Amino acid sequence: MAGSCSGSANKADSETADAAQEETAPEFIRLNCVYNVGEERAAEAAKLGRKLVAASQEDAGEMEYDMYESATRPGHFIIYETWKDQASLDAHSASEHFTSIVPQLEAIAPLAVGRFEKTDTVTAGEQIRINCMMSAKEGETDALLDTAMKLVAASQSDAGMIDYDIYRSVTRPGNFMIFETWKDQPSLDAHSAAEHFKTLVPRMHELSATRNTDIFRF
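A short tour of the structure in this document, coming up. (Residues numbered from 1 in each chain as written. Predicted model: local features only at pLDDT ≥ 70, side-chain atom pairs only at ≥ 80, totals over all residues. Heavy atoms only, no water.)

**Here's the deal with the overall build of the chain**
1) Next: Each helix and strand in the chain was counted, giving seven helices and eight strands.
2) Next: Counting the 218 residues in the chain, one finds 41% classified as buried. (Helix = DSSP H or I, 4+ residues; strand = E, 2+ residues; numbered from the N terminus. Buried < 20%, exposed > 50% of the residue type's maximum accessible area, 1.4 Å probe, protein only.)

Dropping the structure here:
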């Protein structure tokens, strides 16, 4: 501690430090692992991914773990994972299934890992990443996917769009993720006000049994 001559902090200092650490600790840790293998090796990558997902979903501190493949670009995957805290992520990274399966995945193609932390305080940043998760109502999987693909086709022409695609779970075919990255807040605002957004997104809500959206700035 600054100003202390002793080798240890007193109780009040310790409690203050603990409180500060609690205030800055993230609510959770999100990883977006982007993985492009090409259509010819998509089945191989998906098979390995399903093994990794099944094992990782049993790890302590795992809040969400799945692998998604682009519905418009076969062989483009995202491993979508959410962890309670750093200790949980560290234990997962040291697990036997991680250390045996991930090198097999990386032997096919490298994984580009993006890390995002959800906190009470929004940190301003230039780019915006959105993970929009949804599951289809019974019997509406095809309709939801068709509507989402129309939204993707229109949104990819929006100014400030860096990445925008619809991904489908390789383990739960009725579960989808719209994965989007925007240059800045004005770009996202304009997209949200666009006619295709205002027309297609409400229809997707009608077709969805569950929805969840997380926004990160970086």
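**Examining the packing of helix α2 (residues 42-56) against helix α4 (residues 96-108)**
1) Next: Relative orientation of the contacting elements α2 and α4 amounts to 160 degrees, with a least axis distance of 10 Å. Comparing their axes, α4 and α2 come out roughly antiparallel. Note that α2 runs across α4; the crossing there is left-handed. Side by side, α2 and α4 meet where Glu44, Ala45, Leu48, Gly49, Lys51, Leu52, Ala55 and Ser56 of the first sit next to His97, Phe98, Ile101, Val102, Gln104, Leu105 and Ile108 of the second.
2) Next: The residue inventory of the contact of α2 with α4, partitioned by class, reads nine nonpolar, four polar and two charged. (Axes fitted to C-alpha atoms, helices over the stretch in contact; angles between N-to-C directions. Parallel < 35°, antiparallel > 145°, perpendicular 65-115°, else oblique. Left-handed = near helix turned anticlockwise from the far one by under 90°. Contact = heavy atoms within 4.5 Å. Nonpolar A, V, L, I, M, F, W, Y, C, P; charged D, E, K, R; others polar.)

**Focus: the pairing of strand β6 (residues 161-169)**
1) Next: In the sheet, strand β2 (residues 62-70) pairs with β6 via three bridges, with the strands oriented antiparallel. Along β6, the bridge assignment pairs Glu69 with Arg168.
2) Next: By the bridge criterion, seven bridges tie β6 to strand β7 (residues 175-182) in an arrangement that is antiparallel. The residue of β7 that forms the bridge with Met161 is Trp182.
3) Next: Here β6 folds back onto β7, and the loop between the two strands holds five residues. (Pairing = 2+ DSSP bridges.)

**Considerations on the packing of aromatic side chains**
Two descriptors summarise a pair of aromatic rings, namely the distance from one centre to the other and the angle between the planes of the rings.
1) Next: All told, the structure shown has eight aromatic pairs when counted by the stated rule.
2) Next: Plain terms: the ring middles of Tyr65 and Trp83 are 6.0 Å apart, the flat faces sit at 70 degrees to each other, and that makes the pair edge-to-face. In this pair, Tyr65 is assigned in strand β2 and Trp83 in strand β3 (residues 76-83), connecting sequence segments 18 residues apart. Each member of the pair Tyr65 and Trp83 is classed as buried.
3) Next: Between Tyr167 and Phe179, the ring centres sit 6.0 Å apart and the planes meet at 75 degrees, which makes this aromatic pair edge-to-face. (Phe/Tyr/Trp six-rings, centres within 6.5 Å; stacked < 30°, edge-to-face > 60°.)

**A closer look at α2**
1) Next: Over its 15 residues, α2 extends 20 Å from the first C-alpha to the last, a length consistent with the 21 Å expected when each residue adds 1.5 Å.
2) Next: Of the positions making up α2, those classed as buried are Ala42, Ala45, Ala46, Leu48, Gly49, Leu52, Val53 and Ser56. Along the long axis of α2, the arc covered by the buried residues comes to 165 degrees, so they all point the same way. α2 presents Ala43 and Lys47 as exposed residues on the side facing more than 90 degrees away from its buried surface.
3) Next: Along its buried surface, α2 packs onto β1 (28-36), β2, β3, α3 (86-93) and α4. (Expected span 1.5 Å × (residues − 1). Arc of directions from axis to C-beta.)

**Quick word on the side chain of His92**
1) Next: You can see His92 is positioned in helix α3.
2) Next: Among all residues touching His92, those that are not within four sequence positions of it are Ser56, Asp59, Tyr65, Glu81, Trp83, His97 and Phe98.

**Things to note about the nonpolar core**
1) Next: The biggest cluster of nonpolar side chains holds 24 residues, and the ones touching the most others in it are Tyr35, Val37, Leu52, Met67, Phe77, Ile79 and Leu105.
2) Next: Those elements giving two or more residues to this core turn out to be β1, α2, β2, β3 and α4.
3) Next: It is α2 that provides the largest number of residues to this core, a total of six residues.
4) Next: Discounting residues that sit within four places of it in the chain, Leu52 has contacts with Tyr65, Ile79, His97, Phe98, Ile101, Val102 and Leu105.
5) Next: Membership of the second largest hydrophobic core comes to 20 residues, among which are Leu144, Tyr164, Phe176 and Leu207. (Core = buried A, V, L, I, M, F, W, Y, C linked by side-chain atoms within 4.5 Å.)

**Some thoughts on helix α6 (residues 185-193)**
1) Next: If you check which residues of α6 are buried, you get Ser187, Leu188 and His191. Around the axis of α6, the buried residues are gathered within 95 degrees of arc, so they sit on the same side.
2) Next: Contacts made by the buried residues of α6 are with β5 (128-136), α5 (141-155), β6, β7 and α7 (195-207).

**Here's the deal with the pairing of β2**
1) Next: In this structure, β2 lies alongside β3, joined through seven bridges in antiparallel fashion. Opposite Glu69, over in β3, you have Phe77 as the bridge partner.

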